[in-house]
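Spelled out from the first residue to the last, the chains are:
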Amino acid sequence: MNFIEHDLNFKNKLKKLNKPSMIVIHHAAHASANVLDVHRWHKQNGWSGIGYHFYIGKDGQIHKGRPENSIGAHCKDYNKVSLGICLQGNFQLEEVNKIQLDALIGLCQCLCDKYSISTIKGHGELKSTSCPGLNFPLMKVRQRVLRMFDNYIVKAGDTLWSIARHYNLTVLRLMELNGLKDSLIYPNQILKII
Ligand SMILES: [Zn+2]
């Protein structure tokens, strides 16, 4: 993944975040604020600096905010167990564009994989807030991100045996799950593994 890093200065020493188990999605509630604006606002709130770990622009670029290994300030009562992602825009009023949505899905997949996360929430599902906005397609994001865990994309050189062994399945079970009549598979084929 490509990230844009900023040399952000945090006021206080940040506390270490141990193994996050959830991703919380936010919007900036502002059409054009960038990551540096949010960093400045959050400092003005009296926080150490930007409370989100990632900030995704409408151009799909992913900016690093608070270091990924430190506790964020984005969702009261859940900061110690979650990573916070914020999207530029106000999705009470506008729609998320495809480039920005794809970037979010890619980032979520990457983080879910890295930390074995399977819970993705909108801020408003945890706290009383309209964030990330009425127009935000939370279900679509969840479906697209979490679906990858149920599937395996066949790579060149894979065999049913190697895949079955990797997922602790029998070849027969793998064939059953996918309605395969023989052991022939091809690269980029999507196999169910659950
Ligand atoms: Zn929020």
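- The name that an unreviewed UniProt entry assigns to the chain is LysM domain-containing protein, with the source organism given as Anaeromicrobium sediminis.
- Checking UniProt for the chain, the heading Sequence similarities (unreviewed entry) contains the comment "Belongs to the N-acetylmuramoyl-L-alanine amidase 2 family."

**What to know about the nonpolar core**
- Of all hydrophobic cores here, the largest spans 28 residues; its most connected members are I23, I56, I85, L104, L107 and C108.
- Every element with two or more residues in this core is listed here: β1 (22–27), α1 (35–44), β2 (54–56), β4 (82–87), α2 (98–115) and α4 (138–146).
- Here this core gets 5 residues from one element, more than from any other, and that element is α2.
- Ignoring any residue separated from it by four or fewer positions in sequence, one finds I56 in contact with I62, I85, L87, Q88, Q100, A103 and L104.

**Some remarks on the domain arrangement of the chain**
- Domain annotation of the chain identifies domain 1 (22–149) and domain 2 (154–192).
- On a C-alpha basis, the centres of domain 1 and domain 2 stand 35 Å from each other.

**As for α1**
- Listed in full, the buried residues belonging to α1 are V35, V38, H39 and H42. The arc that holds every buried residue of α1, seen down its axis, measures 105 degrees, which confines them to one face.
- Structurally, α1 contributes buried residues whose contacts are with β2, β3 (62–64) and β4.
- Positive backbone phi, approximately 95 degrees, marks G46, located one or two places after α1.

**Overview of the sheet that holds strand β5 (residues 120–122)**
- Strand order in the open sheet formed by 5 strands is β3-β2-β4-β1-β5, and the pairing between neighbours is mixed. Each end of this open sheet is capped by a strand with a single partner; those strands are β3 and β5. For this sheet, the mean angle separating the axes of adjacent strands, direction not counted, is 25 degrees.
- Both β1 and β4 contribute to a ladder of 6 bridges, which runs parallel.

Thresholds applied
- Residues numbered from 1 in each chain as written.
- Predicted model: local features only at pLDDT ≥ 70, side-chain atom pairs only at ≥ 80, totals over all residues.
- UniProt positions renumbered as here; feature names shortened; annotations may be inferred.
- Core = buried A, V, L, I, M, F, W, Y, C linked by C-beta atoms within 7 Å.
- Buried ≥ 20, exposed ≤ 12 C-beta atoms within 10 Å, placed from the backbone.
- Helix = DSSP H or I, 4+ residues; strand = E, 2+ residues; numbered from the N terminus.
- Contact = placed C-beta atoms within 7 Å.
- Domains from an automatic or database assignment.
- Arc of directions from axis to C-beta.
- Pairing = 2+ DSSP bridges.
- Axes fitted to C-alpha atoms, helices over the stretch in contact; angles between N-to-C directions.

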